[in-house]
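A look at the structure
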Amino acid sequence: MPAVRLHRAGPVGVRDLRVDEVPMPRPGPGEVLVEVVAVAIGSVDLTVVEGTAHRVGPTPMILGREGAGIVREVGGQAGDWREGDPVALLAVRACRRCPVCLAGRDNLCPRSQLPGMDHDGLLATHVLAADTDLVPLPSGSSPARAAIVPDTVASAYHALKRVGVGEGVELTVVGLGAVGCYAVKLATLAGCRVVGVDPDPDARRAGLDAGADEVRDTGDVDDLGTDRAVVCTHEASAIGLAVGAVRAGGRIAVVASEPALSALSGADLVAREIDLIGSFAATASDVGELVDLVDDGRLDLTHPASATLTLEEIPGHLAGASPSRVVATPSSTPAQRE
Ligand SMILES: [Zn+2]
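Residues numbered from 1 in each chain as written. Predicted model: local features only at pLDDT ≥ 70, side-chain atom pairs only at ≥ 80, totals over all residues. Heavy atoms only, no water.

Notes on the packing of helix α4 (residues 149-163) against helix α9 (residues 284-295)
The relative placement of two packed helices is expressed as an angle between their axes plus a distance between the axes. One can describe the packing of α4 onto α9 by two numbers: an axis separation of 9 Å at closest approach and a directional angle of 105°. Overall, the two elements α4 and α9 adopt an arrangement that is roughly perpendicular. Across the interface between the two elements, V149, P150, V153, A154, Y157, H158 and K161 of α4 pack against D286, V287, E289, L290 and L293 of α9. Here the residues of the contact of α4 with α9 sort into eight nonpolar, one polar and three charged. (Axes fitted to C-alpha atoms, helices over the stretch in contact; angles between N-to-C directions. Helix = DSSP H or I, 4+ residues; strand = E, 2+ residues; numbered from the N terminus. Parallel < 35°, antiparallel > 145°, perpendicular 65-115°, else oblique. Contact = heavy atoms within 4.5 Å. Nonpolar A, V, L, I, M, F, W, Y, C, P; charged D, E, K, R; others polar.)

Here it is, written out as structure tokens:
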């Protein structure tokens, strides 16, 4: 089967990505073979191809962090999965047996593997997954729409749960890329008043479209005094900016996977008793809750920045400088596309 593999990470001109022919995997006990309908590719994938990600496995490695598809073959003792079931594929593959997993914090499992970072990911026509790494989608729903849920949307959702949101909470969202815009949407849904912050006017417009009550440039946040903030960008100044945006006693969750801490004022953090907390990816139950929100029609998954590319177009796209967020469609029969 064709698969997009990273042969060498590095800057533009050095990185080497190819569409390779690899053996079709077969499911063993507890495993399920999924035909990949759509893979969402964003900033984390870019850190992998640049070689700046905090964890990267041996190459050549199939890329692709998050996506969705259709069950095609079920191994022995692999739960109740049936051929034809639409599923989302979890972006954190946890053991589900250790004390951390049993406490419901499977995103922090010490034995977890991240597809497309630690080992082969989803950018192929088919992928093998443990039966516990799948989240069922409503029957008849489109896997193409759900591709962005397991990591991009779920990371925003998990961060909001970490920081605490609800009716009447005032929240600053720093960084209005895809994760930030979903943080805006989900926080609005939870009843927050949301202020989006980004230096880019197009991103601020996207923040307003996502439902932000107000958007601001990065130089204009010190009088905000919101209860909480989430940081959804790797920009070096972002955490310091969030510290300035929250009131004394406020709380900040940092979502960005490779955050820069250089601009942080420790004195400001201590004297104003700011709680600064990390938020890593998402749990399996976060993803399940989001699938329910989408199914209920309460969460709209359209994001304006997503172009659709075939598997063959992905290496050229990721080889360039600052590739945009796209959705790849590895197995593209017309019936499976929207
Ligand atoms: Zn575990």
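A few points about the side chain of D20
Its location among the elements puts D20 in strand β2 (residues 16-21). Taking relative accessible area as the criterion, D20 reaches 13% and is therefore assigned buried. Polar side-chain contacts of D20 include one of 2.8 Å to the side chain of R5. Leaving out residues up to four positions away in the same chain, D20 has contacts with M1, P2, A3, R5 and H7. (Buried < 20%, exposed > 50% of the residue type's maximum accessible area, 1.4 Å probe, protein only. Polar contact = N/O pair within 3.5 Å; in protein donor to acceptor, adjacent residues only side chain to side chain.)

A word on the pairing of strand β5 (residues 66-74)
Two elements, strand β3 (residues 31-41) and β5, share eight bridges in a ladder whose sense is antiparallel. When the sheet's bridge partners are listed, V39 is paired in β5 with G67. Direction of pairing for β5 relative to strand β6 (residues 86-89): antiparallel, over a ladder of four bridges. Of the residues in β6, the one forming a bridge with G69 is V87. (Pairing = 2+ DSSP bridges.)

Looking at the sheet that holds strand β10 (residues 193-197)
The six strands lie next to each other as β11-β10-β9-β12-β13-β14, forming an open sheet whose pairing is parallel. Each edge of the open sheet is held by one strand with a lone partner, namely β11 (214-216) and β14 (275-278). If you compare each strand with its neighbour and ignore which way they point, the axes differ by 20° on average. The sheet contact formed by strand β9 (residues 170-174) and strand β12 (residues 226-231) spans four bridges and is parallel. The residue of β12 that forms the bridge with L171 is R228. Strands in contact with helix α5 (residues 178-189) are β9, β10 and β12; relative to β9, the strand with the most contacts, it is inclined by about 170°. Set on the sheet, helix α7 (residues 238-245) makes contact with β9, β10, β12, β13 (246-254) and β14; between it and β13 the angle comes to about 145°.

Observations regarding unusual backbone geometry
Of the consecutive residues T59 and P60, the connecting peptide bond is found in the cis state with omega at 0°. Take P60: it is sitting in the loop between α1 (43-50) and β4 (61-62). The backbone of A281 sits at a positive phi, close to 50°, despite the residue not being glycine. Judged by its relative accessible area of 10%, A281 falls in the buried class. Unusually for a residue other than glycine, S322 sits at a positive phi of about 45°. Summarising the element assignment, S322 is placed in the loop between α10 (314-319) and β16 (326-328).

Some remarks on the coordination of the zinc ion
Taken together, C95 (SG), C98 (SG), C101 (SG) and C109 (SG) make up the full set of protein donors to the zinc ion, lying 2.3 to 2.4 Å away. One can describe the site at the zinc ion as tetrahedral: its four donor atoms subtend angles covering 104 to 117° at the metal. (Donors = N, O, S within 2.8 Å, 3.2 Å for Na, K, Ca; no water. Tetrahedral: all angles 85-135°; square planar, octahedral: opposite > 155°, others 65-115°.)

Things to note about the nonpolar core
Membership of the largest hydrophobic core comes to 46 residues, with the highest contact counts inside it found for V153, V173, L186, V230, L290, L299 and L301. Within the residue set of this core, elements represented by two or more residues are α4, β9, α5, α6 (201-209) and α9. Ranked by residues supplied to this core, first place goes to α4 with eight residues. For V173, the contacting residues outside a window of four places in its chain are G180, A183, V184, V194, V195, G196, V197, V230 and C232. (Core = buried A, V, L, I, M, F, W, Y, C linked by side-chain atoms within 4.5 Å.)

Structural notes on the environment of P11
Examined against the element boundaries, P11 turns out to sit in the loop between β1 (2-8) and β2. By relative accessible area, which is 52% here, P11 ends up exposed. As a C-alpha pair, P11 and G320 span 309 residues in sequence and 9.1 Å in three-dimensional space.

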